[in-house]
Amino acid sequence: MTSTTTSQQELFRFLEDRFACAQACTECARACALRASLVDPDGTENQELVRRKGIMCAEVCDATCRVLSEQNQVDEAVIRDQLEWCRQVCLESAHVFDGHPGAEESAKACRDCARACGEFLATLR
């Protein structure tokens, strides 16, 4: 009976981590899309970089959320690759946002998402 309880606890933990990661991806996608929309499209090169990173990060986070919500239809290796890609893009975006005044909330959402992806990745290994 203990092994059943342990496997149930592991399953609950897995589902909680998966949900937390999907939720962090959703928040990051929202924050990055908002940040990208606030940047002047005819602005400086740095503003253009912020806009492009914001759009890319929002798209990657959105795609990651979709992969995480497709129950058993996706291979675990695909999920791992998607999570690692999302984690990397979020960290790169946070770094770009750090140099842009007013983008602190977006940078934090990116770091939170990268952390959630890393934590969920750890449950898959």
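Position numbers for residues start from 1 in each chain and track the written sequence from start to end. It should be noted that, the model being predicted, local features are given only for residues of pLDDT at least 70 and side-chain atom pairs only at 80 or more, the latter also being counted only at that level, while totals for whole chains, interfaces and linings use all residues. Remark: hydrogens and water are excluded; side-chain values derive from all non-hydrogen atoms of the structure.

Chemist: What exactly am I supposed to notice about the state of the cysteines here?
Modeler: Any covalent bond linking the sulfur atoms of two cysteines counts as a disulfide. Cysteine sulfur pairs qualify as disulfides if the two atoms are within 2.5 Å. In total, this model carries zero disulfides according to the counting rule given. Free cysteine Cys21: the closest other cysteine sulfur is in Cys117, separated by 3.6 Å. Relative accessibility thresholds used throughout: buried, under 20% of the residue-type maximum; exposed, over 50%; partly exposed, between the two (1.4 Å probe, protein chains only). Residue class for Cys21 comes out buried when judged on its relative accessible area of 0%. Free of any disulfide, Cys57 has its nearest cysteine sulfur in Cys32, 3.7 Å distant. Overall, the relative accessible area of 0% leaves Cys57 in the buried class.

Chemist: So what exactly am I meant to see when it comes to the packing of helix H2 (residues 45-69) against helix H3 (residues 76-98) here?
Modeler: Each packed pair of helices is defined by two parameters, the angle between the axes and the distance between the axes. It is at 9 Å that the axes of H2 and H3 come closest, and there the two elements cross at 155°. In terms of orientation, H2 and H3 fall into the roughly antiparallel class. When the axes of H2 and H3 are compared, the crossing they make is left-handed. Seen from H2, the contacting residues are Leu49, Val50, Lys53, Gly54, Met56, Cys57, Val60, Cys61, Ala63, Thr64, Val67 and Leu68; seen from H3, they are Ile79, Gln82, Leu83, Trp85, Cys86, Val89, Cys90, Glu92, Ser93, Val96 and Phe97. All residues other than Ala, Val, Leu, Ile, Met, Phe, Trp, Tyr, Cys, Pro, Asp, Glu, Lys and Arg, Gly among them, are scored as polar; the first ten of these are nonpolar and the last four charged. In the contact of H2 with H3, the residues fall into 17 nonpolar, four polar and two charged. All axes here are fitted lines through C-alpha atoms, helices being fitted over the stretch that makes contact, and every angle between N-to-C directions spans 0 to 180 degrees. Under the DSSP-based scheme used, a helix requires at least four consecutive residues in state H or I and a strand at least two consecutive residues in state E, with every element numbered from the N terminus. Angles below 35 degrees are treated as roughly parallel, those above 145 as roughly antiparallel, those between 65 and 115 as roughly perpendicular, and all remaining angles as oblique. Here is the rule for handedness: rotate from the far helix to the near one, and if that takes an anticlockwise turn smaller than a right angle the crossing is left-handed, while a clockwise turn gives right-handed. Residue contacts are defined here by distance: any two heavy atoms, one from each residue, within 4.5 Å place the two residues in contact.

Chemist: Would you mind showing me how to read H3 here?
Modeler: Each turn of an α-helix holds 3.6 residues, which means side chains three or four residues apart point in the same direction. Along its 23 residues, H3 runs 33 Å from first to last C-alpha, staying within 8% of the 33 Å computed at 1.5 Å per residue. Inspection of H3 places Ile79, Gln82, Leu83, Cys86, Val89, Cys90, Ser93, Ala94, Val96 and Phe97 among the buried residues, and these make up the whole buried set. Of the residues that open H3, the one with a side-chain oxygen 2.8 Å from the backbone nitrogen of Ala77 is Asp75. Helices are assigned an expected span. That span is 1.5 Å times one less than the residue count. What qualifies as a polar contact is a pair of N or O atoms within 3.5 Å, subject to a donor-acceptor requirement within protein and to the restriction that residues adjacent in sequence count only when both atoms come from side chains.

Chemist: Help me understand the nonpolar core in this model?
Modeler: What tends to happen in soluble globular proteins is that the nonpolar side chains get buried as a cluster. In terms of nonpolar packing, the biggest core is built from 35 residues, with Cys61, Leu83, Cys90 and Cys113 touching the most fellow members. Counting residues per element, the ones that place at least two in this core are helix H1 (2-38), H2, H3 and helix H4 (104-124). The residues contacting Leu83, other than those within four sequence positions of it, are Cys21, Thr64, Leu68, Cys117, Phe120, Leu121 and Leu124. We define the nonpolar core as a collection of buried residues of types Ala, Val, Leu, Ile, Met, Phe, Trp, Tyr and Cys that are connected through side-chain atoms lying within 4.5 Å of one another.

Chemist: How should I be thinking about the environment of Thr26 in this particular structure?
Modeler: Note that Thr26 resides in helix H1. In this structure Thr26 comes out as partly exposed when scored by relative accessible area, which is 41%. Here the alpha-carbon distance between Thr26 and Val89, two residues 63 residues apart in the chain, equals 14 Å.

Chemist: Please clarify how the packing of aromatic side chains should be interpreted in this entry.
Modeler: Working definition: an aromatic ring pair is given by the centre-to-centre distance plus the angle between the planes. Each Phe, Tyr or Trp ring (for Trp, its six-membered ring) is paired with any other whose centre lies within 6.5 Å, and the angle between the two planes then decides the class: stacked below 30 degrees, edge-to-face above 60, tilted in between. Taken as a whole and assessed by the stated rule, the structure comprises one aromatic pair. Ring plane angle 45° and centroid distance 5.3 Å describe the contact between Phe14 and Phe120, whose orientation is recorded as tilted. You can see Phe14 sitting in helix H1 and its partner Phe120 sitting in helix H4, a full 106 residues away along the chain. Residue class for Phe120 comes out buried when judged on its relative accessible area of 1%.

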